[in-house]
Structures are given as structure tokens and as C-alpha cells.
Amino acid sequence: MPRPEQRMVTFSIDGREVTAPENIMLVDGAKYGDVEIPVFCYEPKLGQPVGACRMCLVEIEGIPKLQTGCSTPVKDGMVVHTQTDRVKTAQQAVVEFLLINHPLDCPVCDKGGECPLQDISFGWGGGRSRFIEPKRHFEKPLELSPLVAIDRERCILCYRCVRFSQEVSEDYQLVFQERGAHTFVGTFDGHPYVAPFSGNIIELCPVGALTSQPYRFRARPWDIEGSGGICTLCPGQCNVTFTVRDERVLRVLARDNAEVDDGWLCDRGRFGYQAIHVDERITQPLVRDGGELRPVSWERALDDAAAGLRRAAGKVGVLAGGGTSNEEGFLLQKIVRDGLGTNDLDSRTFDAGDRDATLALHDPALQATVADLEFAHTVLVLGVEPVDDMPILDLRIRKGVRRHRVSLAVATARPSSLDANAKQVVRFAPGDEARAAALIAGALGGSSDVPEELASLVAQLRDGGEDVVILYGERVLADPAGAAALVAIADALNLRGRDGAGLLGVPSTANARGLREAGVLPFAGPGLAPVDRPGRSTSEIATAAAAGELAALWLVGTDPLETHPERATWDAGLERASTIIAHAGYLTAGVLEHATVVFPTESHAEHEGTVVHPDGRVQRLRQAIARPGEVRAGWWILSELAKRLGVDVRVLTGPMASTQLFAAVPFYAGLTLDEIGGKGLRWPADASAAAAWPATETAPTAPAVPAPAADADDGRLRLGSYRSIWAGPEVAASPALHFLRARTRVELSPHDAQRLGLFDGDKVTIGDGGGTAIEATASVRAAIPAGSAFLEGNGVEGPLVDIRKRPATEPVALNQ
């Protein structure tokens, strides 16, 4: 449903005339008049209020009983009193009853000093206790999960954490156990509360009942300071606040931005900060000497890297990814083009489109926003799993379905966590993402050759309302037909230029859109300006390196052995190249085995510059802590390399690089770091910026339908791959998240498992028939289509693989 129109009304509160939006809750409306009504259970992000704590009681003229301000909507002419004797007596009574069983352990409670219960007891409590009986006691603290500790004595039963589990993340794990004074929060089955968003309940808790295991007893509120930043561990780019003490990040909190993250964080972003301070992190330059990487001075590392790149000039392949900033991407492409004489650079993982396809697909008139997912009439999730690829979108889509009756359709190869929320679910073979998009486009364009399984989904898109958002993954673009199909779908649904509707892509790396706009593409420079001689794309760089056509590879913030398809090709290419320059924070497989020079990179808490959200919002990175060891700013490393390669980039500070970037990209014209501010600035929403978007050189054509993926045969299964939310060196290096780290796992259907004699948890061998085989753990999922298997990671390439049970070296007892 479209965003509701706001009508302003006037009401009176404590003698003040206040103007506020109609029908917002009185607690929020009172803030427009600078009046605070105390609350415990109320949190707008959780949805409809429940009135559980009764702390917000107010007096409204014309209503004999006191009313809860959290569940009473504001109306025109309403007269409200919050300071009468009746209200004060009621509020004091509520505080008194809450403190009956609450322990007085503020000096040792992690919440002490930033606790709403403390504040409200001081401001609205009676100031004395009449309770002399023994308080209730529980064993404490308990591990609700490896990340969250619960002190049940402190719980005031506000219901916030349970509501989050049941109504926001919809994992339905948390419930109230027992009754009356013995009530406590727990999981319904007694298992640990492990879920992608479990850490949000810590921040929601208004007392010290739920605390962060990694943060417990690390600092007091008066010892710390907060620093706003951006999480660049995934494309979601959630706004965060780093809790800093003595130049160390001790905690990460959400920093509400309704246009980006809606005030939530995934556990990877909330707890991944521990990887910043681990011993495994690279904090000084490394050079391979005698077959091993050894620490060296910056001068030695920069000289060796420049010499290797100079020798390979014209035969250098460059990849950028991860959290590489726009400024670093801009400097990188300038060095590569002006100093090394090549256009063989890319920032994409799967996308195989050319410049015209990129311009057509990312036309500002077709771009949807994150908030549109919540208010659209219909949302199509195509070839992407939000909870793995961009987790925060999973919560936003669920919110839209639950609160605003969004009609959801899911079309993916692998079963999605959103299937239960969708009206239509379509499965296709792994690798058929572009084909599915082309078939949908053809059906919407009037083609009669529509597969039966797509007919209902096409009808839902056509008849589901005017505001349609297509959320697609980068795998859809692996075939050039994918981009054309997405544009055709948007035009068939009349989404061009329509507010609240359009296309929203989920890239494979955190700042893929920013790097694209900064010119880290083989066919386009800054602002997607054309280049004279287009270079090689990502997959072409891999093939050329494996064939010995490239003498050097330059990897900035990425390791293709960890993140890219065609791992065997990349491995061969890295082996054959004589010079490998890597900018990395950790010694991942490709860096450890092949790199000749390694530059340490900044973490997202140390970075400065800008990034671009997938919906076009330019956001600012601010440095929260000092860089450890000998880590230097990314722009400084590139500027020093540029000097040694004879390129004058004229950059002495980070803001100077930003200024050059904004001047070089036409649709960033006039942008400044101050204007971006703390919430970011979405440039496609500015008419003058959108008008500066380059025009395509060729008219779009109807998308061709790619050939279908190979069918399973001779006992072999179609192979798809995915990258878990828990993949990445930050998760593996973080002590708190180590138990969640990605493992080599293959998902298959019960039918195929039975045919192969496999059970859940069995060790298997996966072979591609070409001599490549890896070991994995079988995971049997009922929703997996028969004939397909999905591998976590990129160890084996399909399209067809053999899966065999690994022979046991010793008898294993199975629990029947």
C-alpha cells in the first residue's frame, strides 16, 4: 500500500498547543511539544503497541479513566494532562511495582548509567520503597545464546524482546515461560537463541536483563564515547554507532536511519567489530621473501609493488571490492589507466553487462529505494536471498508484508527464508536467474510461451497494483540477457519515473555501486564515461591470467579465491602471475598463498571517505578509532604508489580525494562531505543530478531467452552456490562469531539424499567430473528441489556434480 498521507492536527498537552501528525501515538505526539511521557514497553519499530507496562498513563479530558499514551492516537482538539495528581500517583505506583522484584544491583549492572529504569525511577518514581519481603531469585546470568546473556531477576516483562522475535525477525524463538511473578523470557524449546538478528534484543531491553556477552563488564557509560559510522561488511551499509574506549571498539549499536536500516542490525554487523582487534589482523606491510610473507617497511613494500606493476605495465588485471571506498576506487582507476596503460579493471563479481546495459539498468528513473520495499503494492524477489546477501532487507520486506499488506513473490533457485511470507513462490534451476527474468519479461510483454509455474507470478505482478519493486541479485546479470530483461519488466509494468516503484539491485560486495560510479569498470571511467578501448571484465581477467596473458594482478579489498566463481581458474591465474599486489586485512587463502606484496587495510571503524548504498544514497565514512600498528589510509597508499608510477593524483588528505571524485562524476556535482552529513544523500532523487546520468548509445532491444541450465543426469545433480551471511574473514576472526563461521556445506533434497544414501550431517565428497573434488557436510532440507544441490562457498564449479558419501575411516554410532 502507498505511504499514508500525513494530516497535521492540533491538540493541547499540559496547557500547550501542539501540532502533530494525526493518529500517531500520544507518546510520540507529545514530543512535538517537548513533553516526555515515560515508557518501557513502547517501541515504534516493533509495530502496534501492547500497553504492557502501564508507565505511560495520562489523563484525557472527556475520558473518565486514565489512558495509555502509547496506544492512544492523537486527535484534533484532544486535551491531555500528564502532570495531575492522578497521573503522578499512577506512575509512581507502576514504578513501585516494577521495583518489587527488581534487584538493586545498579553498580554492577552493564546497563547502569544508560538505563531507562534508572532514569524513570528518578524522574517519575516515589523515591522510597515500602516492600520489605524477599525478592524473587533466579540463577544468573544464563546464556540465552553465545552472544546474549540474560539476568531474569532484572526483567520487567516489557515484552519487547519477545515481540521482536515474533513480529519483526519472525524467528519465533523467544516466549514467556511460566506465569505471574515466576514469568521469565526463554526459548520455547530451551535451545540457544541463535538467529541472524538476535543481537537487537540487547539494544531493545530497557533494563539490564539482556546484555551482550562480548561487552559485559568491559566499560561504564562514563568511560566511553560514541562515534557514528557505516558498517561495510555487506551491501546493506547500515548506520551504526561505535562505542569506543581507549581507541578500541567495544560495542556497535544501531544508528536509526529509516531510509537505510530502519534502526536494526544483523549480528554480523553488531558483533563483527571484534575482528578489528584480533592478532590475526594484518597491521604492517608484508613482502614475500624466500617463499614466505615477512613484515617490511612501507618504503620497501611500496617500492616493490611499484616495481612489479611497472614491469607488468599493460599486462595488469585489477579487482576492487569489499569496503573499498569511492575515493580509493577513483584513485585506483586513475593509476591503472594513466600509469599502467590498461582498462583491465573491474569491481563486479557476476555482472557480465556492457556499458549500455549498465546505463539502462541503473537509469535513475528506474531506481527504487529501500523504503519502497515496505510500502509497495507488490515486491518480487528475483535471484537473491536477502538474509544472506543484504540481511537488513529481509526485515524490511517482512515488515511490508506484515504491516502494509505488501504482496510478495519469490523467484529463486535456492529456497528463501521469505517463502513463507510470499503469495507466489517459483523455483528454477541453479544458473537460470537470467532465463527466469527473460521469461517473466516475455510474459509481461505478451508472449504466449509462458511456463505454467510462472503464470501465476506474472499475473500477480500485472494485477498486484501500480507500485511494484523488483529486488534482484547480481547473479541475474551473469548473462547479458538479465539486464535487458529487468529493464523490460520495469517498462512493461510502467515503473519508469514512478515514485515508490522500480528496480533495486543487491550487489555482491559492500560498495559495488560506488566503485561502479567511480569508474572501476573495464568499459567506463568516473561517472560511467566511455573509455577508448574497453578492457577485460572480472571473468575475462581470470581467464587471461590463467592463460599467462597477465603478468600481474592487483587485488584491492578482495580475494577471488574466497568470493568469486571459477575458483580453479583464479587459482591458476594467481599461480601464473609473477606479481600479486593485495590490499587486505586478513591472510585469506589467495593472499596467503600467492601475494607478493600485502598492504594492510583499514577496518570500517578506521575508514574515511564515502560509499554508495545500492539505492544510490551516498554515505560518509568517518574514522572512529586510530589505525593500529602501521596501518595507513587507503588513499595514502594509492597516492604513494601513484608517485612511484609517475601519476600525479594531487591528493594530500582524504577530503581532497573526495573533492576530486565529486568533480569528476557529473551526477555528484556540487556534493560536499558536509552535505552528505550523518544520514547520507540519495543523488538519484535530485532532478539535476539524475539529468546528468549518461545516455545509452544503443536503443534497448527485447531480451533473448538464455538456454536452460543442464538437467540432472546419470545420478549427477545441478549445482548452485551461495555465500552465507556468516562468510568472510571478519566472522572467522571474531571470537564472538566464531561459532557461526561459514563451513563447507551442501544442501540437497530428501529425495536425492535418500537416493544417495545420505543423512543430515554426513561427510560427502563433491566432484565436478573434471578432477576437482572437495569435502563437505550434507545438509538435508525439505524445501530443496529434487535434482539440485547448493554449495556454501565456491569450491567446485557446476553445472553438474557427483555427490558421494565419504567412506568412514572408523565405525560411527548413529542415534536412531
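Rules of the game
- Residues numbered from 1 in each chain as written.
- Predicted model: local features only at pLDDT ≥ 70, side-chain atom pairs only at ≥ 80, totals over all residues.
- Heavy atoms only, no water.
- Pairing = 2+ DSSP bridges.
- Helix = DSSP H or I, 4+ residues; strand = E, 2+ residues; numbered from the N terminus.
- Axes fitted to C-alpha atoms, helices over the stretch in contact; angles between N-to-C directions.
- Buried < 20%, exposed > 50% of the residue type's maximum accessible area, 1.4 Å probe, protein only.
- Polar contact = N/O pair within 3.5 Å; in protein donor to acceptor, adjacent residues only side chain to side chain.
- Contact = heavy atoms within 4.5 Å.
- Parallel < 35°, antiparallel > 145°, perpendicular 65-115°, else oblique.
- Nonpolar A, V, L, I, M, F, W, Y, C, P; charged D, E, K, R; others polar.
- Core = buried A, V, L, I, M, F, W, Y, C linked by side-chain atoms within 4.5 Å.
- pLDDT = per-residue confidence, 0-100.
- Expected span 1.5 Å × (residues − 1).
- Phe/Tyr/Trp six-rings, centres within 6.5 Å; stacked < 30°, edge-to-face > 60°.
- Salt bridge = Lys/Arg side-chain N within 4 Å of Asp/Glu carboxyl O.

## Quick look at the sheet that holds strand S19 (residues 407-412)
On the basis of which strands lie adjacent, the open sheet formed by 5 strands has the order S20-S19-S18-S21-S22 and parallel pairing. Looking at which strands have only one partner, the edges of the open sheet turn out to be strand S20 (424-427) and strand S22 (502-506). Neighbouring strand axes in the sheet, compared pairwise and without regard to direction, differ in orientation by 15° on average. Two strands pair when backbone bridges link them, and strand S18 (residues 378-382) and strand S21 (residues 468-473) are joined in this way by 5 bridges, in the parallel orientation. Residue pairing for S21: Leu 380 is matched across the bridge by Ile 470.

## What to know about the side chain of Arg 513
Along the chain, the position of Arg 513 falls in helix H16 (residues 512-518). On the basis of relative accessibility, which here comes to 2%, the residue Arg 513 falls in the buried class. Looking at Arg 513, its side chain comes within polar contact range of the main-chain oxygen of Pro 614, at 3.0 Å. Those residues within four positions of Arg 513 in sequence are excluded, and the remaining contacts are Gln 367, Val 612, His 613, Pro 614, Asp 615, Gly 616, Trp 683 and Pro 684.

## Brief notes about the packing of helix H8 (residues 326-339) against helix H22 (residues 654-664)
Relative to each other, H8 and H22 sit at 70°, their axes nearing to 9 Å. When the interaxial angle is binned, H8 and H22 end up roughly perpendicular. Residue-level contacts link Asn 326, Glu 327, Phe 330 and Leu 331 of H8 to Ala 657, Ser 658, Gln 660, Leu 661 and Ala 664 of H22. Class assignment of the residues belonging to the contact of H8 with H22 gives a composition of 5 nonpolar, 3 polar and 1 charged.

## As for the sheet that holds strand S4 (residues 67-68)
Spatial ordering of the open sheet is given by S2-S1-S5-S3-S4, a layout of 5 strands whose pairing is mixed. Among the strands making up the open sheet, the edge pair consists of strand S2 (16-21) and S4. Along the sheet, helix H2 (residues 85-100) makes contact with strand S3 (57-60) and strand S5 (79-81), crossing S3 at roughly 165°.

## Focus: the nonpolar core
Counting 81 residues, the largest nonpolar core has Phe 164, Ile 201, Val 381 and Leu 408 as its most contacted members. Sorting elements by how many residues they give to this core places helix H12 (residues 392-404) first, with 5 residues. Setting aside residues up to four positions removed in sequence, Phe 164 forms contacts with Leu 46, Ser 169, Glu 170, Tyr 193, Phe 197, Asn 200, Ile 201, Leu 204 and Trp 264. Membership of the second largest hydrophobic core comes to 57 residues, among which are Trp 298, Leu 515, Ile 581 and Ile 637.

## Re the confidence of the model for the chain
Counting all residues, the mean pLDDT for the chain is 93, and 98% of those residues have values of 70 or more. Counting interchain partners and residues more than four positions distant, the pLDDT-below-50 stretch residues 810-816 has 0 contacts.

## Things to note about the pairing of S3
In S3, alternate side chains face the same way, and those of Leu 57 and Glu 59 on one face and Val 58 and Ile 60 on the other are all buried. Two strands pair when backbone bridges link them, and S3 and S4 are joined in this way by 2 bridges, in the antiparallel orientation. If you follow Val 58 over to S4, its bridge partner there is Gln 67. What sits between S3 and S4 in their antiparallel hairpin is a turn of 6 residues, with Gly 62 showing a positive phi close to 95°. Two strands pair when backbone bridges link them, and S3 and S5 are joined in this way by 2 bridges, in the antiparallel orientation. Across the sheet, residue Glu 59 finds its bridge partner in S5, namely His 81.

## Looking at the side chain of Arg 355
As for its position among the elements, Arg 355 is in helix H9 (residues 355-361). For Arg 355, a relative accessible area of 10% corresponds to the buried category. In terms of polar contacts, Arg 355 uses its side chain to reach the backbone carbonyl oxygen of Leu 528, at 2.8 Å. Other than its neighbours up to four places away in sequence, Arg 355 contacts Phe 523, Ala 524, Leu 528, Ala 529, Pro 530, Pro 694, Ala 695 and Glu 697.

## Brief notes about H8
Over its 14 residues, H8 extends 19 Å from the first C-alpha to the last, a length consistent with the 20 Å expected when each residue adds 1.5 Å. For H8, a buried count of 11 out of 14 residues is recorded, marking the element as mostly surrounded by other parts of the structure. Those residues of H8 not exposed but buried are Asn 326, Glu 327, Glu 328, Gly 329, Phe 330, Leu 331, Leu 332, Gln 333, Ile 335, Val 336 and Arg 337. Immediately downstream of H8, the backbone of Gly 341 shows phi near 65°, a positive value.

## Things to note about the packing of aromatic side chains
Following the criterion strictly, the structure yields 10 aromatic pairs and no others. Both rings, one in Phe 667 and one in Trp 693, keep their centres 5.2 Å apart while their planes meet at 40°; by these two values the pair is tilted. With Phe 667 in the loop between H22 and helix H23 (673-676) and Trp 693 in the loop between helix H24 (687-691) and strand S29 (717-722), this pair connects stretches of sequence that are 26 residues apart. Summarising the burial analysis for this pair, Phe 667 and Trp 693 share the class buried.

## Concerning the pattern of salt bridges
Pairing is possible between side chains that carry opposite charge, provided their charged atoms lie close to one another. Using the criterion set out here, one finds 49 salt bridges in the structure. The partner of Arg 245 in a salt bridge is Asp 246, and the shortest N-O contact between them spans 4.0 Å. Its salt-bridge partner being Arg 498, residue Asp 467 comes within 2.6 Å of it at the nearest N-O pair. With Asp 467 in the loop between helix H14 (452-463) and S21 and Arg 498 in the loop between helix H15 (480-492) and S22, the pair connects residues that are 31 residues apart, well separated along the chain. Judged by relative accessible area, which is 8%, Asp 467 ranks as buried. It is possible to trace a salt-bridge network through shared partners that takes in Asp 105, Lys 140, Asp 151, Glu 153 and Arg 154.

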